[in-house]
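Residue-level structure breakdown
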Amino acid sequence: MGGRPALGIPLAVTEPRATPPFLLRDPARARALVDFLHRHAPPEMVRIVHVCGTHEMTIAENGLRSLLPSGVEVLEGPGCPVCVTPTVDLDRAVKIAERGAIVCTFGDMTRVPGTRVTLAEARAQGADVRVVLSAADAVVVARKNPDRDVVFFAVGFETTAPGTAAVLLDDPPPNFSVLCSHKLIPAALDALMATPPTRIAGFLAPGHVSTVIGAAAYRAVAARHHVPIVVAGFEPLDILYAIALVLRQVREGRAEVENGYPRAVSEEGNLRAQELLAMAFAPCDAVWRGIGRIPGSGLNIRDELARHDARHAFSVQAEEGEDKPPGCLCSEVLLARAVPTDCPLFRDPCTPLSPVGPCMVGSEGACSVWYRYGERPHL
Amino acid sequence: MCLAVPTKVLSVDGNLATVDVQGVRARVRLDALGEEVRIGDYLLVHAGFAIRRLDPKDAQETLALFDELFAWEDAPPSGSPSP
Ligand code: SF4
């Protein structure tokens, strides 16, 4: 829309994701924000971490890193749910598929390597694995196949989990169950800050997770670790603005939660969605690929819904396998300690067509985004 | 993955709405919304579920937020409250 802004820099030139009334395209303010960042870059190096594949897409597509002052770097942490799903969950899904159930999941999940095979490879060997766009679609599959077991392999953060909760609570058919691998973002921020050496000066909180959980959900983490957290939207201007708010907090020595995306995020969030989550799930410890076990960072299906919990319906055992192939730097990338180009395997041999590690598989994994957009750090 | 897109409501049928997603019609579930939805409303939709109603006015107000940031710079630095 509107073509290239007269900035001499590649800002906002890609296909917009927003519909016109929600586009923020204003070259003058973009320039003003970039100038602001340059005026307020602190003397010491500032590392800002976001945890959202969609943020990474906005940053990489629009070359935002090239606009930042040299003392400010922005890294993607564990923001790709596909990348952080541990092999043990994948292996479970594969075993369930190999036992004859129909396994439904989101597209990228079919390509993530488990200990032996991916779900796509299991399908090539005869298993029935289907890609769905919504938890509701998996229920449709179950209704159409009443004589088959249908398992929805549920991954994603708080944005995605309410949909899974909604179908679990909407009296699904008896042949429908959920293999639940949903994860929670505030617990991940907490873990990143608690894993030394920490060089994180601030976080950009994921906008649509925050639509559900509300800006208030980050207060405890910000206070406990004295770290600024700014909720950020997905337009290039949103990202620049959120970075500016972090820099202002750093400059003022504040560590607060600020909402840079109020058009989609309120203080308390979507209470109805939170209610669904609380009715369907209980928080549990969860393993994040490349990071390890994080207390309180996952969701278990509540006992009352156990008949739709695939872990009960199928007593498959899966070992906690090796989460990371030799040489792959994904753990460091997910912990926001390294960027993809630090990895010796990046581009050769690791590419989206033949990924070595999970960060190259998920289309929102840092390695995959950097491969596709040629993003380079300018350090 | 957490990409959610603004869509425009074309019709509402109980728990379901038909929406326009950049020229494509889609059915979305309203269970996770907890708000009345009317034809012409904008909904933020993720993985087939609406998660928030959007108001086009708020997008313009975001631009005004940026201006507050620039105004902060002109103010004296000590103890300035955040927006
Ligand atoms: S480039 Fe490949 S091997 Fe290296 S960290 Fe990324 S996914 Fe792992």
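All values reported here derive from a predicted model rather than from experimental measurement.

Here we take up the overall build of chain B. Check the secondary structure of chain B and you find 1 helix and 5 strands. Ordered by position from N to C terminus, the α and β elements of chain B give β-β-β-β-β-α. Taking all 83 residues of chain B together, the buried fraction comes to 43%. Considering only contacts within chain B whose residues lie at least 6 apart along the sequence, 30% involve residues at least 24 apart. Carbon and sulfur atoms make up 52% of the accessible area of chain B, which totals about 4,200 Å².

To continue, consider the interface of chain B and chain A. A common measure of how large an interface is: the accessible area buried when the components associate. Taken together, the contacts link 38 residues of chain B with 55 residues of chain A. Taken together, the two surfaces of chain B and chain A that pack against each other cover about 4,100 Å², and 66% of this comes from carbon and sulfur. At the boundary of chain B and chain A, one finds 2 salt bridges. The salt bridge partner of Arg29(B) is Asp170(A), with a shortest N-O separation of 3.4 Å. Mapped by element, the contributors of at least two residues to the side of chain B that touches chain A are strand S1 (5-13), strand S4 (42-46), strand S5 (49-54) and helix H1 (56-74) of chain B. No other element matches H1(B), which puts 12 residues into the side of chain B that touches chain A.

A word on the packing of aromatic side chains. Aromatic ring pairs are reported here in terms of the distance separating the ring centres and the angle at which the planes meet. Per the stated rule, a full pass over the model turns up 6 aromatic pairs over all chains. With a centroid separation of 5.9 Å and 50° between ring planes, the pair formed by Phe36(A) and Trp72(B) is classed as tilted. Pair noted here: Phe36(A) is in helix H1 (residues 27-40) and Trp72(B) is in helix H1, and the two residues belong to different chains. Exposure remark for Trp72(B): the relative accessible area of 10% places this residue in the buried category. Considering the side-chain rings of Phe234(A) and Tyr261(A), the 5.9 Å spacing of their centres and the 85° angle between planes classify their relative orientation as edge-to-face. On the criterion of sequence distance, the pair formed by Phe234(A) in the loop between strand S8 (229-232) and helix H11 (236-252) and Tyr261(A) in the loop between strand S9 (257-259) and helix H12 (271-280) is long-range, its members being 27 residues apart. For the pair Phe234(A) and Tyr261(A), a shared accessibility class is recorded, and that class is buried. Members of the aromatic cluster, joined through ring pairs, are Phe36(A), Phe70(B) and Trp72(B).

All names here are of chain A. Within the secondary structure, Pro206 sits in strand S7 (residues 202-206). Accessibility expressed as a relative area gives 2% for Pro206, which makes it buried. As a C-alpha pair, Pro206 and Gly53 span 153 residues in sequence and 9.0 Å in three-dimensional space.

Let us look at the sheet that holds S9(A). Residues and elements named next belong to chain A. The 5 strands lie next to each other as S2-S1-S7-S8-S9, forming an open sheet whose pairing is parallel. The open sheet has two edge strands, strand S2 (72-76) and S9, and neither has a second partner. Strand-to-strand, the axes of this sheet are offset by a mean angle of 25°, without reference to chain direction. Where S7 and S8 come together, 4 bridges link them in parallel fashion. Across the sheet, residue Phe203 finds its bridge partner in S8, namely Ile229.

The next point concerns the confidence of the model for chain A. For chain A, the average pLDDT comes to 89, and 91% of its residues sit at 70 or higher. Counted against residues more than four places away or in other chains, residues 1-16 of chain A, with its pLDDT under 50, gives 32 contacts.

Attention shifts here to the environment of Pro172(A). Residue and element names in this part refer to chain A. As for its placement among the helices and strands, Pro172 is situated in the loop between helix H7 (161-169) and strand S6 (176-182). When its relative accessible area of 6% is taken as the criterion, Pro172 is described as buried. A C-alpha to C-alpha distance of 9.5 Å links Pro172 and Val140, two positions 32 residues apart in sequence. Those residues within four positions of Pro172 in sequence are excluded, and the remaining contacts are Arg143, Val167 and His308.

For an α-helix, the turn length of 3.6 residues means that residues three or four places apart are oriented alike. Residue and element names in this part refer to chain A. The end-to-end C-alpha distance of H1, which contains 14 residues, comes to 20 Å, matching closely the 20 Å that a straight helix rising 1.5 Å per residue would cover. Residues of H1 that are buried include every one of Ala30, Leu33, Val34, Phe36, Leu37 and His40, and no others. Seen end-on, H1 carries its buried residues on one side only, within an arc spanning 155°.

Moving on to the sheet that holds strand S4 (residues 128-131) of chain A. All names here are of chain A. What the 4 strands build is an open sheet, ordered S4-S3-S5-S6; its pairing is parallel. In the strand order of this sheet, the two ends are held by S4 and S6, each with one partner. Each neighbouring strand pair of the sheet contributes to a mean axis angle of 20°, computed without reference to strand direction. In this sheet, S4 lies alongside strand S3 (residues 102-105) in parallel orientation, the contact comprising 4 bridges. Each residue of the ladder has a partner; that of Ile102, found in S4, is Asp128. Here helix H6 (residues 135-144) sits on the sheet in contact with S3, S4, strand S5 (150-156) and S6, set at roughly 175° to S5. Most of the contacts of H7 go to S6, to which it runs at about 155°, and overall it touches S5 and S6.

Turning our eyes to something else, we now look at unusual backbone geometry. All names here are of chain A. A cis geometry characterises the amide bond from Asp348 onward to Pro349, with omega recorded as 5°. Of note, the phi angle at Asp171 is positive, near 50°, even though the residue is not glycine. Note on Asp171: relative accessible area 60%, which makes it exposed. Even without glycine at this site, His226 takes up a positive phi of about 45°. Tracing the chain through its elements places His226 in the loop between helix H10 (219-225) and S8.

Cut-offs used in this document
- Residues numbered from 1 in each chain as written.
- Chains lettered and ligands numbered in written order.
- Predicted model: local features only at pLDDT ≥ 70, side-chain atom pairs only at ≥ 80, totals over all residues.
- Heavy atoms only, no water.
- Helix = DSSP H or I, 4+ residues; strand = E, 2+ residues; numbered from the N terminus.
- Buried < 20%, exposed > 50% of the residue type's maximum accessible area, 1.4 Å probe, protein only.
- Contact = heavy atoms within 4.5 Å.
- Areas by Shrake-Rupley, 256 points an atom, 1.4 Å probe, with all protein chains shown as cover.
- Buried area = accessible area lost by both parts, 1.4 Å probe.
- Salt bridge = Lys/Arg side-chain N within 4 Å of Asp/Glu carboxyl O.
- Phe/Tyr/Trp six-rings, centres within 6.5 Å; stacked < 30°, edge-to-face > 60°.
- Pairing = 2+ DSSP bridges.
- Axes fitted to C-alpha atoms, helices over the stretch in contact; angles between N-to-C directions.
- pLDDT = per-residue confidence, 0-100.
- Expected span 1.5 Å × (residues − 1).
- Arc of directions from axis to C-beta.

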